[in-house]
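The residues making up each chain are set out below.
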Amino acid sequence: MEYFLQQVVNGLQLGFVYALIALGYTMVYGIIRLINFAHGDIFMIGAYLGYFGIVYFHLPFPIALAFAMLGCALCGIIIEKLAYRPLRRAPRIAALITAMGVSLFLEYFTSLKFIFGPDYLAYPRPFNVVTYQIGGISFSTIQIIVFSVAILLLVLLNYTIQHTKIGMAMRAVSHDKETASLMGINVDYVISLTFGIGSALAAAGGVLYGVAYPQINPFMGIMPGLKAFVAAVLGGIGSIPGAMLGAVIMGLVETMSSAFVSSTLRDAIAFSELIIVLLFKPTGILGKIG
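Below: a short report on this structure.

Basis of the calculations
Residues numbered from 1 in each chain as written. Predicted model: local features only at pLDDT ≥ 70, side-chain atom pairs only at ≥ 80, totals over all residues. Heavy atoms only, no water. Helix = DSSP H or I, 4+ residues; strand = E, 2+ residues; numbered from the N terminus. Rg over C-alpha atoms; globule rule 2.2 N^0.38 Å. Buried < 20%, exposed > 50% of the residue type's maximum accessible area, 1.4 Å probe, protein only. Contact = heavy atoms within 4.5 Å. Areas by Shrake-Rupley, 256 points an atom, 1.4 Å probe, with all protein chains shown as cover. Lys, Arg positive; Asp, Glu negative; His and termini not counted. Charge placed at Lys NZ, Arg CZ, Asp CG, Glu CD. Core = buried A, V, L, I, M, F, W, Y, C linked by side-chain atoms within 4.5 Å. Pairing = 2+ DSSP bridges. Expected span 1.5 Å × (residues − 1). Arc of directions from axis to C-beta. Patch = residues over 30% accessible without salt bridge, like charges linked within 9 Å, V, L, I, M, F, W, Y side chains within 5 Å. Salt bridge = Lys/Arg side-chain N within 4 Å of Asp/Glu carboxyl O. Phe/Tyr/Trp six-rings, centres within 6.5 Å; stacked < 30°, edge-to-face > 60°.

Details of the overall build of the protein chain
Broken down by element type, the protein chain carries eleven helices and four strands. Taken against the 2.2 N^0.38 rule, which gives 19 Å for 290 residues, the C-alpha radius of gyration of the protein chain at 19 Å falls within 12% of a compact globule. Seen through its principal axes, the protein chain has C-alpha atoms that stretch 60 × 50 × 35 Å. A buried classification covers 50% of the 290 residues belonging to the protein chain. Intrachain contacts of the protein chain at a sequence separation of at least 6 include 74% that bridge at least 24 residues. Within the structure as shown, the protein chain displays about 13800 Å² of accessible surface, and the carbon and sulfur contribution to it stands at 70%. Of the charged side chains in the protein chain, 15 are positive and 11 negative; the average position of the first set lies 8 Å away from that of the second.

See below:
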């Protein structure tokens with residue numbers, strides 16, 4: 001029983017990281033109906049910015065985290081302006097292909113030696129790693145930090161969307177861009193800000209992922225990005241609570257599969273849950289029709 005509960009804790013740790021990535025997918029899709037496949041690479045850039053902040057600039061961990069979030073928010077806004085905005089009225093397939101192109105560009109551009117380089121890097125942990133035992137279950141300072149940062153950011157995001165003017169504008173644009181524009185909302189600004197917020201959350205996920213699983217490389221965003229996308233679809237693409245729920249389920253299933261079935265089959269099992277859910281509820285667990 002203790003081993004099972006330990007795997008639940010480990011799965012929640014992974015699930016919260018996936019949630020930070022999945023929220024970016026679902027926010028962008030909810031507003032402009034675009035699957036931003038470059039989002040996983042923003043996650044990767046965030047991990048690297050956090051690494052540079054800690055190693056080269058000697059920033060405290062909270063400042064390095066904020067530095068990575070700010071840098072990726074700016075990166076997300078630039079990508080939206082240059083790559084997606086010109087195609088906003090184009091067929092969706094054009095934007096989808098562009099998103100894949102942006103993803104490949106970020107991966108191979110950052111792997112150049114004068115950018116991040118192709119080599120794996122050991123991620124630093126700018127704090128002492130201490131393990132606590134509670135009822136036979138181990139909690140490390142890493143897990144406490146991951147849970148604390150992820151929950152804080154999720155609460156702030158929910159507050160922003162539900163209780164601020166910009167959150168109201170985001171919900172209005174998501175519902176009807178044309179009507180929102182007629183009501184005086186700057187739709188372009190709201191969409192850019194949505195990309196920025198989603199990218200900042202992905203950056204936080206990248207830093208937390210680097211701290212928890214201390215190894216990074218320019219292609220590290222492919223699989224977590226794909227799993228976070230699956231989590232967003234699993235919970236109901238376009239639904240913020242759905243993205244969070246789907247990410248937690250994804251993390252738990254992946255961890256449980258490794259612990260009780262086979263580590264080589266964990267990805268297959270994790271992805272198969274999406275097929276099972278969509279067979280019975282095509283809109284996802286919390287998704288709505290229309």
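Some thoughts on the nonpolar core
Grouped together as the largest cluster of nonpolar side chains are 89 residues, with contacts concentrated most on Leu20, Ile45, Ile79 and Tyr84. Broken down by element, this core gets its largest block of residues, 15 residues, from helix H1 (residues 2-32). Ignoring anything within four residues of it in the chain, the contact list for Tyr84 reads Leu34, Asn36, Ala38, Ile79, Ala95, Thr98, Ala99, Val102 and Phe195.

As for the pairing of strand E2 (residues 131-134)
Here E2 pairs with strand E3 (residues 137-140) via four bridges, running antiparallel. The partner of Thr131 across the bridge, within E3, is Ser140.

A short note on helix H11 (residues 266-280)
Its 15 residues give H11 an end-to-end C-alpha distance of 22 Å, which sits within 8% of 21 Å, the value for a rise of 1.5 Å per residue. Taken residue by residue, H11 has Ala270, Glu273 and Leu274 as its buried positions. Summarising the axial view, the buried residues of H11 lie within an arc of 95°, below the 170-degree limit, and thus occupy one face. Exposed and facing more than 90 degrees away from the buried side of H11 are Ile275, Leu279 and Phe280. Along its buried surface, H11 packs onto helix H9 (222-235) and helix H10 (240-260).

Thoughts on helix H2 (residues 39-55)
Look at H2: 25 Å from first C-alpha to last across 17 residues, which is about the 24 Å you get at 1.5 Å a residue. Summarising burial for H2: 16 of the 17 residues are buried, a large majority.

What about a nonpolar patch on the surface?
A cluster of nonpolar side chains, contributed by Met1, Tyr3, Phe4, Leu5, Phe260, Val261 and Leu265, occupies part of the molecular surface with about 720 Å² of accessible area. Tallying contributions element by element places H1 first for the nonpolar patch, with three residues. The topology assignment puts Phe4 in helix H1.

Considering the packing of aromatic side chains
Given two aromatic rings, their pairing is described by the distance between the two centres and the angle made by the two planes. Here the structure, examined in full by the defined rule, presents 20 aromatic pairs. Geometrically, the ring pair formed by Tyr84 and Phe195 is tilted, given 5.6 Å between the ring centres and 35° between the ring planes. Of this pair, Tyr84 sits in helix H3 (residues 61-84) while Phe195 sits in helix H8 (residues 187-212), and the two are 111 residues apart along the sequence. Here Tyr84 matches Phe195 in class, with each residue buried. Taken together, a centroid distance of 5.2 Å and an interplanar angle of 10° make the contact between Phe105 and Phe109 stacked. With Phe105 and Phe109 both in helix H4 (residues 92-110) and four residues apart, this pair spans about one turn of that helix. One aromatic cluster is present, formed by Tyr48, Tyr51, Phe52, Tyr56, Phe116 and Tyr123 through successive ring pairs.

Regarding the environment of Ala150
Position of Ala150 among the secondary structure elements: in helix H5 (residues 141-163). Residue classification places Ala150 among the buried residues on the basis of a relative accessible area of 0%. Sequence separation between Ala150 and Ala243 is 93 residues, and the spatial gap between their C-alpha atoms is 14 Å. Apart from the residues lying within four places of it in its own chain, the contact partners of Ala150 are Phe16, Leu20 and Leu208.

Function-wise, these values are silent; they only describe arrangement.
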